[in-house]
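# Structure at a glance
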Amino acid sequence: MPLTPLDIHNKEFKRTFRGYDEDEVNEFLDQVIKDYESLIRDNKELTQQVQALQERLDHFSNIEESLSKTIIVAQEAADEVKTNSKKEAELIIREAQKNADRIINESLVKSGKVALEIEELKKQAAVYRTRFRTLLEAQLELLNADSWDVLEGKTGTEQ
C-alpha cells in the first residue's frame, strides 16, 4: 500500500539521546508532506487528463470506424449504381437497336411496296399512252378519211 501524506504526518520516530533535531526533522517532514501532496494532486490531475484524453481518443476512434464503414457502404452503393446504370444503358441501347432494326425493316417493306406501285403505275401509264395513241391515230384516220371530203363537198380531184 502506498504511503500517504497523513502517514508521513503521523509518523513518529523514537527518541534517542544524540538523535536528530526534532524541529528540523518536523520541518523537513512538513516539506515532504507538502511536496508529496502536490505530487499526488498532480498525479490525480494527470490521471484525469489521461482518462479524458483516452475517452476522446475512443470517441474519435469510433468516429473513424463509423466513417470508414460509411465510406465502404457509399463505395459499394456507388459501385452498385454504376453497375445498374451500365446494365440499364445496355438495355436501352439494345431496345434502341431493336427499334431501329424494326423501323429499317418497315421502311424497306414500304419502299418495296412503293417501288411495286411505281412499276404498276408506269405499266398503267404505258398502257394508257398506247390506248390514247391508238385512239388518236384512229381519230386522225377518221379525219383523213374520204368521207369528210364528201361532206365538205370536195371531190377526189380538188385536193
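Residues numbered from 1 in each chain as written. Predicted model: local features only at pLDDT ≥ 70, side-chain atom pairs only at ≥ 80, totals over all residues. Heavy atoms only, no water.

### Details of the overall build of the protein chain
- When helices and strands are tallied, the protein chain shows 3 helices and 0 strands.
- Traced from its N-terminal end to its C-terminal end, the protein chain shows the element sequence α-α-α.
- Over its C-alpha trace the protein chain gives a radius of gyration of 62 Å, far above what one expects of a compact globule, namely 15 Å for 159 residues.
- The dimensions of the protein chain, computed from C-alpha atoms along their principal axes, are 195 × 25 × 15 Å.
- Within the span of the protein chain, comprising 159 residues, buried residues form 3% of the whole.
- Summing over all exposed atoms, the protein chain offers an accessible surface of approximately 15200 Å²; the carbon and sulfur share of this is 58%.
- The centroid of the 23 positive side-chain charges in the protein chain is displaced by 7 Å from the centroid of its 33 negative side-chain charges. (Helix = DSSP H or I, 4+ residues; strand = E, 2+ residues; numbered from the N terminus. Rg over C-alpha atoms; globule rule 2.2 N^0.38 Å. Buried < 20%, exposed > 50% of the residue type's maximum accessible area, 1.4 Å probe, protein only. Areas by Shrake-Rupley, 256 points an atom, 1.4 Å probe, with all protein chains shown as cover. Lys, Arg positive; Asp, Glu negative; His and termini not counted. Charge placed at Lys NZ, Arg CZ, Asp CG, Glu CD.)

### Some words on the layout of surface pockets
- Roughly 440 Å³ of internal volume is contained in the largest pocket.
- In terms of lining, the largest pocket is formed by 17 residues, of which the most central are Phe-13, Arg-15, Glu-22, Val-25 and Asn-26.
- At 6 residues, the largest contribution of residues to the lining of the largest pocket is made by helix H2 (residues 22-144).
- Classifying every residue of the lining of the largest pocket by side-chain character gives 6 nonpolar, 4 polar and 7 charged. (1 Å grid on protein atoms, 1.4 Å probe; cavity = no way out; pocket = protein on both sides within 12 Å on 5 of 7 lines; lining within 4 Å. Points joined across faces, edges and corners; volume = space filled by probe spheres on them. Nonpolar A, V, L, I, M, F, W, Y, C, P; charged D, E, K, R; others polar.)

### A few points about a nonpolar patch on the surface
- Among the surface-exposed residues, Phe-60, Ile-63, Leu-67 and Ile-71 lie close enough to one another that they form a single nonpolar patch of about 390 Å² accessible area.
- Positionally, Ile-71 belongs in helix H2.
- Taking the relative accessible area as the measure of exposure, Ile-71 reaches 58% and is therefore exposed. (Patch = residues over 30% accessible without salt bridge, like charges linked within 9 Å, V, L, I, M, F, W, Y side chains within 5 Å. Salt bridge = Lys/Arg side-chain N within 4 Å of Asp/Glu carboxyl O.)

### So, the confidence of the model for the protein chain
- Summing up the model confidence of the protein chain, the mean pLDDT is 88 and the portion of residues at 70 or higher is 93%.
- The lowest-confidence element of the protein chain is helix H3 (residues 146-152), averaging 69 in pLDDT; the highest-confidence one is H2, averaging 94. (pLDDT = per-residue confidence, 0-100.)

### Brief notes about the environment of Leu-116
- Following the sequence through the fold, Leu-116 ends up in helix H2.
- On the basis of relative accessibility, which here comes to 61%, the residue Leu-116 falls in the exposed class.
- Separated by 36 residues in sequence, Leu-116 and Glu-152 place their C-alpha atoms 51 Å apart.

### Let's talk about the packing of aromatic side chains
- Within this structure, the stated rule accounts for 1 aromatic pair.
- Each ring, one from Tyr-128 and one from Phe-132, has its centre 5.9 Å from the other, and the planes form 10°; the classification is stacked. Of this pair, Tyr-128 and Phe-132 both sit in helix H2, 4 residues apart, roughly one helical turn.
- Given the relative accessible area of 57%, Tyr-128 is considered exposed.
- A relative accessible area of 40% places Phe-132 in the partly exposed class. (Phe/Tyr/Trp six-rings, centres within 6.5 Å; stacked < 30°, edge-to-face > 60°.)

### Some words on the pattern of salt bridges
- Evaluated as defined, the whole model comprises 3 salt bridges.
- Here Glu-65 and Lys-69 are joined by a salt bridge, their closest N and O atoms 3.2 Å apart. Within this pair, Glu-65 and its partner Lys-69 are both found in helix H2, separated by 4 residues, close to a single helical turn.
- Judged by its relative accessible area of 52%, Lys-69 falls in the exposed class.
- Of the charged contacts, one joins Arg-102 and Glu-106 as a salt bridge, the two residues approaching to 3.2 Å between their closest N and O atoms. Taken together, the residues Arg-102 and Glu-106, both in helix H2 and 4 residues apart, mark about one turn of the helix.
- Residue Arg-102 is classed as partly exposed on the basis of its relative accessible area, which comes to 41%.
- With a relative accessible area of 38%, Glu-106 lands in the partly exposed category.

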